[in-house]
Amino acid sequence: EAQVTQNPRYLITVTGKKLTVTCSQNMNHEYMSWYRQDPGLGLRQIYYSMNVEVTDKGDVPEGYKVSRKEKRNFPLILESPSPNQTSLYFCASSHGQGNTEAFFGQGTRLTVV
Amino acid sequence: GQNIDQPTEMTATEGAIVQINCTYQTSGFNGLFWYQQHAGEAPTFLSYNVLDGLEEKGRFSSFLSRSKGYSYLLLKELQMKDSASYLCAVAGGSTLGRLYFGRGTQLTVWP
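Residues numbered from 1 in each chain as written. Chains lettered and ligands numbered in written order. Predicted model: local features only at pLDDT ≥ 70, side-chain atom pairs only at ≥ 80, totals over all residues. Heavy atoms only, no water.

Colleague: Please clarify how the interface of chain A and chain B should be interpreted in this entry.
Modeller: Interfaces are often sized by the amount of accessible area the parts lose when they come together. Taken residue by residue, the interface counts 23 residues in chain A and 20 residues in chain B. Roughly 1600 Å² is buried in total at the junction of chain A and chain B, and carbon and sulfur atoms are behind 53% of that figure. For the chain A face of the interface with chain B, the top three residues by lost area are Leu43(A), Asn99(A) and Phe104(A), together amounting to 29%. At the surface where chain A touches chain B, the tally comes to 1 salt bridge. The interface formed by chain A and chain B includes 5 residue pairs in polar contact (both at pLDDT 80 or more). Contributing elements (two or more residues each) for the side of chain A that touches chain B: β4 (31–38) and β5 (42–51) of chain A. Of all the elements, β5(A) adds the most residues to the side of chain A that touches chain B, at 5 residues. (Contact = heavy atoms within 4.5 Å. Buried area = accessible area lost by both parts, 1.4 Å probe. Salt bridge = Lys/Arg side-chain N within 4 Å of Asp/Glu carboxyl O. Polar contact = N/O pair within 3.5 Å; in protein donor to acceptor, adjacent residues only side chain to side chain. Helix = DSSP H or I, 4+ residues; strand = E, 2+ residues; numbered from the N terminus.)

Structure follows, in structure tokens:
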């Protein structure tokens, strides 16, 4: 089954404790991206990757890191989480350069206390 | 900068027709998407327009006017399960591959 898998689905952590949210897709998509979704603000892009070893900042990259060492995986790293990073996070992938249908993971609800 | 506007909320009754509008101003344009998102779930793809005109897919249709920076999503024969947030998103930016989302329109369908 074609899918984008994120883990974990839910996470509560403390300020400053490094964490990684994993994202994996099995559709051989070139383009992957991370979004955060906050009430009243919609989906905002954090980082995106157009292929292996090619990543770039989205609209809200501060406090986040990503890597794209393999085509299928695109982890999101929070080196020192802060409460303003409490949000619902979505990973997405699509074929080509991002102008095709995006497939979204199930979401990760992160709470930083 | 990128600017995508859509109404925050809309309501309609079962069986009715509703039109959700989206206006956009982006640097570069490589197509406009509509996604549906039920509460607590991931967005799912509804439609894609890159040329002017109407694309029909079952009960859902999407229209695009590039010269006006305008799109709408038309939902016919509304059902309770259509209650969801509808997201307008534009592919654009300097690489034409960035996806910019509006804040979503929360549609409530009443019986």
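That covers the picture; the talk isn't over yet.
Colleague: In this structure, what is going on with the sheet that holds strand β8 (residues 70–75) of chain B? I would like to understand it.
Modeller: Two orientations exist for strands paired in a sheet by backbone hydrogen bonds: parallel and antiparallel. All names here are of chain B. Spatial ordering of the open sheet is given by β1-β3-β8-β7-β6, a layout of 5 strands whose pairing is antiparallel. Strand pairing shows two members of the sheet lacking a second neighbour, β1 (3–5) and β6 (53–57), which therefore form its edges. The sheet shows a mean angle of 15° between the axes of neighbouring strands, taken without regard to direction. As judged from the 6 bridges shared by strand β3 (residues 18–25) and β8, these two strands associate in the antiparallel manner. Bridging from a neighbouring strand, Thr 23 pairs with Tyr 70 of β8. (Pairing = 2+ DSSP bridges. Axes fitted to C-alpha atoms, helices over the stretch in contact; angles between N-to-C directions.)

Colleague: What is the right way to look at the packing of aromatic side chains in this model?
Modeller: Given two aromatic rings, one states the distance between the centres and the angle between the planes to describe the pair. This model, assessed by the stated rule, comprises 16 aromatic pairs over all chains. An angle of 85° between the planes, with centres 5.7 Å apart, marks the rings of Phe104(A) and Tyr35(B) as edge-to-face. Here Phe104(A), found in strand β10 (residues 103–104), pairs with Tyr35(B), found in strand β4 (residues 32–37), and the two come from separate chains. The exposure class of Phe104(A) is buried, given its relative accessible area of 11%. Assessed through its relative accessible area of 0%, Tyr35(B) is described here as buried. Ring centres of Phe104(A) and Phe101(B) lie 6.3 Å apart, and the angle between their planes is 70°; this geometry places the pair in the edge-to-face category. One end of the pair, Phe104(A), is in strand β10; the other, Phe101(B), is in strand β10 (residues 98–101), on a second chain. (Phe/Tyr/Trp six-rings, centres within 6.5 Å; stacked < 30°, edge-to-face > 60°. Buried < 20%, exposed > 50% of the residue type's maximum accessible area, 1.4 Å probe, protein only.)

Colleague: What is the right way to read the pattern of salt bridges from this model?
Modeller: Side-chain pairing between opposite charges can occur once the charged atoms of the two side chains come close. Residues and elements named next belong to chain A. Under the defined criterion, the tally for this structure stands at 9 salt bridges over all chains. A salt bridge links Lys 18 to Glu 79; its shortest N-O distance comes to 4.0 Å. Highlighted residues: Lys 18 in the loop between β2 (10–13) and β3 (19–25) and Glu 79 in the loop between β8 (76–78) and β9 (87–94), separated in sequence by 61 residues. According to the relative accessible area criterion, Glu 79 is partly exposed, its value standing at 38%. Measuring nitrogen to oxygen at the nearest pair gives 3.9 Å for the salt bridge that ties Lys 71 to Glu 30.

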